[in-house]
Amino acid sequence: MKHLDDTPSTPGKFKIDKSHSYFHRTRWQSSVAKLAFWSLVFVGFIFIFFYRSPSSLPDPSRRSLRTYSWGGPAWEKRVRSSAHVRTRRGVSVLVTGAAGFVGTHVSSALKRRGDGVLGLDNFNDYYDPSLKRARQALLERSGVFVVEGDINDAALLKKLFEVVPFTHVMHLAAQAGVRYAMENPSSYVHSNIAGFVNLLEVCKSANPQPAIVWASSSSVYGLNTKVPFSEKDRTDQPASLYAATKKAGEEIAHTYNHIYGLSLTGLRFFTVYGPWGRPDMAYFFFTRDILKGKAISVFEGANHGTVARDFTYIDDIVKGCLGALDTAEKSTGSGGKKRGAAQLRVFNLGNTSPVPVSDLVSILERLLKVKAKRNIMKLPRNGDVQFTHANISSAQRELGYKPTTDLQTGLKKFARWYLGYYNGGKKAAS
Ligand SMILES: O=C(O)[C@H]1O[C@H](OP(=O)(O)OP(=O)(O)OC[C@H]2O[C@@H](n3ccc(=O)[nH]c3=O)[C@H](O)[C@@H]2O)[C@H](O)[C@@H](O)[C@H]1O
């Protein structure tokens, strides 16, 4: 069976010997059939790989990677007009996460006082995007254009800085939520680390470089037991991946300040609540479930220990954000080169009076005039910490930060908004 041994192994080297035409035609046909067979297997494999592999299934961490349309003269005109400064001492601010809870409030406060404001948001579906669209509509009515796009899109960010030489960036875009980090860890890396680095890369190369104020989190204190939490306390024991990415953000901020002279201020927010809030937060979904007559899980610590939060009202947080922007010094670098030491700060923005979660529920019961069905549960080990309490002396001294809203007053404003927005609770929040 010498002819079998003669079959070339490399298809490219395959030659027909005309002197044995019948035999070789048969052999050629069988080789073509083999080639066709293996090609089919190969194509089939490619098909299975691309269409059935997990990476082609919907991956929530990639939801913000969809493409957005931006650019063109009309778009640039809207960008310029939104960022136009209307007062002599005003600043032009790029607000990332502008359709988010804090982003919307900060953007409208800046616009009200005459600053130029341009919003950026990817409108992802971590929670009901229709709430984000409603916030966007609110901002558009006050003259703030919210560009639809992702902080990971370097070309878009560069374009924005080409169109407007922003003096400041208020960076609030993030993957929030402590417990969701166990469900979708990569979305935290994507937004809070990769997205932040991408933004800083564009800022360091901008000319002039903007000063950046950005949202860190009280969660960086993690398993720290010394209270109240001071900025000098250790933050190397995060209890959730969310906290770890915010802590990483603080270290990344240090690097960009050190190498490129970017002025950076991190604000550690303490459980911010209020009208237009986030539906993934306890006060928000407790309200929804209490109104629906659905049971709520109220966490408690070991040995019936109190779980408490330093709940901070949105208007107080907005004042802290504006204080941080107003006291931010200029970045010192230009064109990607450091020219001198630049400001690097971090502040707690809390309320300084922690309230047990069970008291939060009692306040909601009174405001909604509905008794909650409470399921008392042990605090799950999924990233939650038992207690937060901010020492705000540093923010008080340097930003003029002074929270004035207690939880009862703030929740009253929230409940009024909630009942109005969701039609007396009949149209339930999702
Ligand atoms: O300060 C922050 O940096 C963070 O604040 C917020 O996290 P938290 O303080 O954990 O708020 P939130 O989830 O509303 O739970 C409130 C309380 O209810 C308890 N809780 C929660 C859920 C539940 O079913 N039952 C319950 O008792 C729970 O144990 C907790 O004691 C932001 O979401 C986060 O993005 C980040 O910004």
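Conventions adopted
Residues numbered from 1 in each chain as written. Predicted model: local features only at pLDDT ≥ 70, side-chain atom pairs only at ≥ 80, totals over all residues. Heavy atoms only, no water. Helix = DSSP H or I, 4+ residues; strand = E, 2+ residues; numbered from the N terminus. Buried < 20%, exposed > 50% of the residue type's maximum accessible area, 1.4 Å probe, protein only. Areas by Shrake-Rupley, 256 points an atom, 1.4 Å probe, with all protein chains shown as cover. Near = heavy atom within 4 Å. Polar contact = N/O pair within 3.5 Å; in protein donor to acceptor, adjacent residues only side chain to side chain. Nonpolar A, V, L, I, M, F, W, Y, C, P; charged D, E, K, R; others polar. UniProt positions renumbered as here; feature names shortened; annotations may be inferred. Pairing = 2+ DSSP bridges. Axes fitted to C-alpha atoms, helices over the stretch in contact; angles between N-to-C directions. Parallel < 35°, antiparallel > 145°, perpendicular 65-115°, else oblique. Left-handed = near helix turned anticlockwise from the far one by under 90°. Contact = heavy atoms within 4.5 Å. Salt bridge = Lys/Arg side-chain N within 4 Å of Asp/Glu carboxyl O. Right-handed = clockwise from strand over helix to strand, strands pointing away.

Undergrad: Looking at this structure, how should I read the overall build of the chain?
TA: Assigned secondary structure in the chain consists of 13 helices and 13 strands. Put simply, the chain has 430 residues, and 52% of those count as buried. Per element, the accessible surface of the chain, about 21200 Å² overall, is 57% carbon and sulfur.

Undergrad: Just to check I follow, could you spell out the site of the ligand for this structure?
TA: By nearness alone, 24 residues border the ligand, and Arg 179, Ser 217, Ser 218, Ser 297 and Arg 309 come closest of all. Between the ligand and Arg 309, the relevant distance is 2.7 Å, taken from an oxygen atom to a side-chain nitrogen or oxygen of the residue. Summarising the interface, the protein chains cover 94% of the accessible area of the ligand, which totals 700 Å² for the free molecule. At the level of elements, α9 (282-292) and β8 (295-300) are the ones that each hand at least two residues to the shell around the ligand. Residue composition of the shell around the ligand, grouped by class: 14 nonpolar, six polar and four charged.

Undergrad: Would you explain the UniProt feature "domain: NAD-dependent epimerase/dehydratase" (unreviewed entry) in the chain in this entry?
TA: Summarizing the sequence annotation, UniProt attributes the feature "domain: NAD-dependent epimerase/dehydratase" (unreviewed entry) to residues 93-330 in the numbering used throughout. Helix and strand shares over residues 93-330 are 42% and 18% respectively, and the end C-alpha atoms of the span are 13 Å apart.

Undergrad: Is there a simple way to explain the pairing of strand β3 (residues 145-148) in this structure?
TA: With four bridges joining them, strand β2 (residues 116-121) and β3 adopt parallel strand pairing. Directly across from Leu 118, in β3, lies its bridge partner Phe 145.

Undergrad: What exactly am I supposed to notice about the packing of helix α4 (residues 101-112) against helix α10 (residues 314-327) here?
TA: Angle between the axes and distance between the axes: these two values describe a pair of packed helices. Across the interface, α4 lies against α10 with an axial gap of 10 Å and an inter-helix angle of 60°. Taken together, the axes of α4 and α10 are oblique relative to one another. As α4 runs across α10, the sense of the crossing is right-handed. Mapping the contact onto sequence places Phe 101, Val 102, His 105, Val 106, Ala 109 and Leu 110 in α4 and Ile 314, Ile 317, Val 318, Cys 321, Leu 322 and Leu 325 in α10.

Undergrad: For this particular structure, what's the right way to read the pattern of salt bridges?
TA: Once their charged atoms are close, side chains differing in charge can pair, the charge on each being opposite to the other. Under the defined criterion, the tally for this structure stands at 19 salt bridges. With a closest N to O distance of 3.9 Å, Arg 397 and Glu 398 form a salt bridge. Given a relative accessible area of 61%, Arg 397 falls into the exposed group. Here Glu 398 falls in the partly exposed class, since its relative accessible area comes to 38%. One network of salt bridges, in which partners are shared, links Glu 76, Arg 80, Lys 159 and Glu 162.

Undergrad: Just to check I follow, could you spell out the side chain of His 389 for this structure?
TA: By the secondary structure assignment, His 389 is in the loop between β13 (373-378) and α12 (393-399). Taking relative accessible area as the criterion, His 389 reaches 18% and is therefore assigned buried. Among the polar contacts made by the side chain of His 389, one reaches the main-chain carbonyl oxygen of Thr 352 at a distance of 3.4 Å. Those residues in contact with His 389 that lie beyond four places of it in its chain are Val 227, Pro 228, Phe 229, Phe 270, Asp 310, Thr 352 and Pro 354.

Undergrad: Hey, could you run me through the pairing of strand β4 (residues 168-171) in this one?
TA: Regular strands have side chains that alternate between both faces of the sheet. Of the two faces of β4, the one lined by His 168 and Met 170 and the one lined by Val 169 and His 171 are each fully buried. Bridge analysis of β4 against strand β5 (residues 211-217) gives four bridges, and the strand direction is parallel. Each bridged residue has a counterpart across the sheet, and for His 171 the counterpart in β5 is Trp 214. Once the chain exits β4 it traverses helix α7 (residues 185-205) before rejoining the sheet at β5, and the crossover so formed is right-handed.

Undergrad: I tried to follow the environment of Ile 151 on my own but got confused; where do I start?
TA: For Ile 151, the position within the fold is in the loop between β3 and α6 (154-163). On the accessibility criterion, Ile 151 (7% relative accessible area) is buried. Note: C-alpha distance between Ile 151 and Gly 293 (142 residues apart in sequence) is 40 Å. When near neighbours in sequence (up to four residues on either side) are disregarded, Ile 151 contacts Thr 96, Leu 120, Leu 157, His 171, Ala 173, Ser 191, Gly 195, Phe 196, Asn 198 and Leu 199.

Undergrad: I tried to follow the sheet that holds strand β11 (residues 344-349) on my own but got confused; where do I start?
TA: If you trace the seven strands from one edge of the open sheet to the other, you get β3-β2-β1-β4-β5-β6-β11, paired in parallel fashion. Looking at which strands have only one partner, the edges of the open sheet turn out to be β3 and β11. Neighbour-to-neighbour, the strand axes of the sheet open up by a mean angle of 20°, direction not taken into account. In this structure, strand β1 (residues 92-96) lies alongside β2, joined through five bridges in parallel fashion.

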